[in-house]
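Listed below are the residues making up each chain.
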2 protein chains.
Amino acid sequence: MKRVYNFNPGPATLPLEVLQEAQAEFLNFDNSGMSIIEISHRAKPYEKIHNQTKADILELMGLGEEYEVLFIQGGASLQFAMIPLNFATKENPGSYILSGTFSSNAYKEAANLGVGKIAASTKDENFCRVPTQAELNIDKNSAYLHICNNNTIYGTEFHYIPETGNIPLFADMSSDMLSRPWDFKKFDLIYAGVQKNLGPAGVVVVVAKKSLIEKSLETLPTMLRYDTFYKKNSLYNTPPAFSIYMVGKVVKWIKNCGGLAEMSKRNSKKAEILYAAIDDSNGFYKGHATKDSRSFMNVTFRLPNEDLENKFVAQALENNLSGVKGHRSVGGMRASIYNAMTIEGVEILADFMQKFQRQNS
Amino acid sequence: MKRVYNFNPGPATLPLEVLQEAQAEFLNFDNSGMSIIEISHRAKPYEKIHNQTKADILELMGLGEEYEVLFIQGGASLQFAMIPLNFATKENPGSYILSGTFSSNAYKEAANLGVGKIAASTKDENFCRVPTQAELNIDKNSAYLHICNNNTIYGTEFHYIPETGNIPLFADMSSDMLSRPWDFKKFDLIYAGVQKNLGPAGVVVVVAKKSLIEKSLETLPTMLRYDTFYKKNSLYNTPPAFSIYMVGKVVKWIKNCGGLAEMSKRNSKKAEILYAAIDDSNGFYKGHATKDSRSFMNVTFRLPNEDLENKFVAQALENNLSGVKGHRSVGGMRASIYNAMTIEGVEILADFMQKFQRQNS
């Protein structure tokens, strides 16, 4: 069977050459006579990859020595809890911009601990856009402002960086990390479940200011303290080595392609093609996101009715286009076009959209 | 380069045929046109593996419907915290048998929360054996008694199951899970980081009585509640799919080999060969564990002096025997001989030990 065009929201498509390289060396990593999944995490060949991956991530983000990269398990969902546990108190609560499901879940964890505040929300508009700077109402005692940079389910993305004054800015970048140049220096803590743009599920990349994470509350369990990961180079216990190894390969692939500028060029082109297919459809396809909040990673749209939507999914699959069904919160379609999705794949999807419209109008 | 004999304590050697199968289908999982690491965790082909792996684990353990299998990230170290957070209180503390590093770490997490008690310890003997039943002093109000079934670092293993009366019995089986038939029904909660006997690092298998985990405290963060994993079939958020997929293959391999009885036969044979090499060495090799506590998974021994120990490690490597250096807490050597280590590999190591002794006595 030939390779499909995989528009799944995550786990998601990865660069074919990266997969091929991993496959080729799967039984003999770095001439060790072992698989990467059999080698000790204390062995030099693994350590080399671990540290190189950290360095490459910082280099791509244009960040220096004041930042540290951590590898933590548990998904972004565990970060939703670790962040308020480590940084928020009743006096200095965590403030949250609610712009979709995951930012709302992040807020809920803080609220459950009694340390969460809402700085803005577009829930009443079914999260069809992200709040604007003017709409932000940030508690001046906030320990941080938390945003979700790209909303996978709703297909919206921040195209500005919130101004917070002296309040540290935290961001869940699970679905757009390393997809575009961005002023990462304005952020104090960034995290991303890697299974969208960066690798196989099983690890979260946290990029944070060292000054923020060098000391955690000693009353917190070891594995919930950022300083455990910081002090032990994310090797306090056995790391999810295969996921990190694959992230290392993907990050190297991004560098070899030309870095974030090139990723952004490709991703803009892909988004442009799909949004044009929506905008030029005379209303047959209706985008969920307002134009100023449109995501470059997840393109969400509806068809005239659910029967047509089901037919679209089925016929897309017959045309080798997989994973285009949208999330139930929005309905309709969602095409996730992360870094590794090719322009060719997107062109084929756009052609299919036009053909489907002609046949069903 | 040819495949080495890998005696690392974890991540550890895996069955060659399992690795080959994973390699062969790495670009096209189940004819999906995607890699296993690209496929949605909500897709049927993934779900099938997820559920089959759970069923196979219960079948191998001889456990029925009253038990549930959970897949949780964060390593055994996160379980050390989740267990007291979910089950222990000041009135009903968690009791711990200290028999090595990891059981001590588990206790420390409970103690840090103010809910830990020590039921027995062999720390004063540098953990050269596990405490006996007669030595146990279990607080009668204990929420549970926690043991570490096999002590990877010290090379000791429980060869009896502690009697606890009505107190639930919990066990960290990270380093001997599915290595031998055992009366698993006597346990209420069992967990194992998979990177020793079961697969690649990145997931912990938890096997617990449903009645124990069906309801957690609502004040706990979502990802620290066992009921989150139970109610959502360990699919509340994206699971570490590749690790689970590999565990599924390893578990199937165990079944195809003949199950736990056959594993135990092979593991006993391997342990016998190495312990004979120690016992027949006229004191050149000195085992760390007392004979009644010897591990079938990790064989620890010292040589007459550190120079010889360093020479042993170096020459072993030249003979394609990797990972035999012991942990600094014990010093000397450690040969980890998990399920996937072949009898041939162990025979080659025993031959090398004899040759090395002749050349250095």
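Everything numeric here is computed off the predicted structure, so don't read it as measured data. (Residues numbered from 1 in each chain as written. Chains lettered and ligands numbered in written order. Predicted model: local features only at pLDDT ≥ 70, side-chain atom pairs only at ≥ 80, totals over all residues. Heavy atoms only, no water.)

Time to look at the nonpolar core. Considering soluble globular proteins, one finds that nonpolar side chains tend to be buried as a cluster. Core analysis: the biggest nonpolar cluster contains 121 residues, and A:M177, A:V207, B:M177 and B:V207 have the highest contact counts within it. Take this core: its biggest share by element is eleven residues, from helix 7 (residues 241–257) of chain A. Judged by nonpolar contacts, the second largest core, of 69 residues, contains A:L70, A:L85, A:A143 and A:I153. (Core = buried A, V, L, I, M, F, W, Y, C linked by side-chain atoms within 4.5 Å. Buried < 20%, exposed > 50% of the residue type's maximum accessible area, 1.4 Å probe, protein only. Helix = DSSP H or I, 4+ residues; strand = E, 2+ residues; numbered from the N terminus.)

This brings us to the relation of the copies chain B and chain A. Laying chain B over chain A is done by rotating through 180° and shifting 0.0 Å along the axis; what remains is an RMSD of 0.0 Å. What the superposition gives is, in effect, a two-fold axis relating one chain to the other. Taken as a fraction of all interface residues of chain B, those also at the interface in chain A reach 100%, which identifies the copy contact as same-surface. (Least-squares fit on C-alpha atoms with pLDDT ≥ 70 in both. Contact = heavy atoms within 4.5 Å.)

Residue and element names in this part refer to chain A. Checked against the element boundaries, S293 lands in the loop between strand 11 (286–287) and strand 12 (298–302). For S293, a relative accessible area of 2% translates into the label buried. Excluding anything up to four places from it in sequence, S293 contacts C128, R129, V130, G155, T156, E157 and H159.

Think of interface size as the accessible area that goes away when the parts come together; that is how it is often given. Counting residues at the interface gives 60 residues for chain B, matched by 61 residues for chain A. Both faces combined, the contact of chain B with chain A buries some 4,600 Å², and carbon together with sulfur accounts for 58% of it. Connecting chain B to chain A are two salt bridges. Residue B:E38 pairs with A:R3 through a salt bridge whose shortest N-O separation is 2.7 Å. Summed over the shared surface of chain B and chain A, the number is 19 residue pairs in polar contact (both at pLDDT 80 or more). At six residues, helix 1 (residues 16–24) of chain B tops the list of elements feeding residues into the side of chain B that touches chain A. (Buried area = accessible area lost by both parts, 1.4 Å probe. Salt bridge = Lys/Arg side-chain N within 4 Å of Asp/Glu carboxyl O. Polar contact = N/O pair within 3.5 Å; in protein donor to acceptor, adjacent residues only side chain to side chain.)

Residues and elements named next belong to chain B. One open sheet holds the seven strands; their spatial order is 2-10-9-8-5-3-4, and the pairing between them is mixed. The sheet is open, and its two edges are formed by strand 2 (67–72) and strand 4 (116–121), each paired on a single side. Averaged over all neighbouring strand pairs, the angle between strand axes comes to 20°, with direction disregarded. Relative to strand 5 (residues 144–148), strand 3 (residues 94–98) runs parallel, the two being bridged by three bridges. (Pairing = 2+ DSSP bridges. Axes fitted to C-alpha atoms, helices over the stretch in contact; angles between N-to-C directions.)

All names here are of chain A. Where helix 8 (residues 259–279) meets helix 10 (residues 343–360), the axes come as close as 9 Å, and the angle between the chain directions of the two elements is 0°. Considering the angle they form, helix 8 stands roughly parallel to helix 10. Contacts from R266, K269, K270, I273, L274, A277 and I278 in helix 8 reach I343, V346, E347, L349, A350, M353 and Q354 in helix 10. Taken together, the residues that form the contact of helix 8 with helix 10 break down as nine nonpolar, one polar and four charged. (Parallel < 35°, antiparallel > 145°, perpendicular 65-115°, else oblique. Nonpolar A, V, L, I, M, F, W, Y, C, P; charged D, E, K, R; others polar.)

A separate point is the pairing of strand 10 (residues 204–209) of chain A. The side chains of a regular strand alternate, first on one face of the sheet and then on the other. Residues and elements named next belong to chain A. Burial within strand 10 is extensive, with five of its six residues counted as buried. Where strand 2 (residues 67–72) lies against strand 10, six bridges are found, and the strand directions are antiparallel. Bridging from a neighbouring strand, F71 pairs with V205 of strand 10. Here five bridges tie strand 9 (residues 189–193) to strand 10, and the two strands are oriented antiparallel to one another. By the bridge assignment, L189 is partnered in strand 10 with A208.

Let's shift gears to the sheet that holds strand 11 (residues 286–287) of chain B. As summarised here, the arrangement of the three strands in space is 11-12-14 (chain B), forming an open sheet in which the pairing is antiparallel. Looking along the sheet, the strands with just one partner apiece sit at the ends: strand 11 and strand 14 (333–336) of chain B.

With the rule as written, the count across this model stands at 42 aromatic pairs over all chains. Ring centres of A:F242 and B:F242 lie 4.1 Å apart, and the angle between their planes is 20°; this geometry places the pair in the stacked category. Pair noted here: A:F242 is in helix 7 and B:F242 is in helix 7 (residues 241–257), and the two residues belong to different chains. Judged by relative accessible area, which is 4%, A:F242 ranks as buried. Aromatic ring contacts, followed pair by pair, group A:F26, A:F29, A:F242, A:Y245, B:F26, B:F29, B:F242 and B:Y245 into a single cluster. In this structure, A:R180 is placed above the aromatic ring of A:W182, and the distance from its NZ or CZ to the ring centre is 3.6 Å. (Phe/Tyr/Trp six-rings, centres within 6.5 Å; stacked < 30°, edge-to-face > 60°. Lys NZ or Arg CZ within 6 Å of the ring centre and 35° of its normal.)

It is worth spelling out the pattern of salt bridges at this point. Across all of its chains, the model carries 42 salt bridges over all chains by this definition. Note that A:E59 and A:K255 form a salt bridge whose closest N and O atoms lie 3.2 Å from each other. Of this pair, A:E59 sits in helix 2 (residues 44–61) while A:K255 sits in helix 7, placing them 196 residues apart in sequence. Classification of A:E59 by relative accessible area gives exposed; the value is 53%. A residue is classified by how much of its surface remains accessible, and A:K255, at 29% relative accessible area, is partly exposed. Its salt-bridge partner being B:K255, residue B:D56 comes within 2.9 Å of it at the nearest N-O pair. With B:D56 in helix 2 (residues 44–61) and B:K255 in helix 7, the pair connects residues that are 199 residues apart, well separated along the chain.

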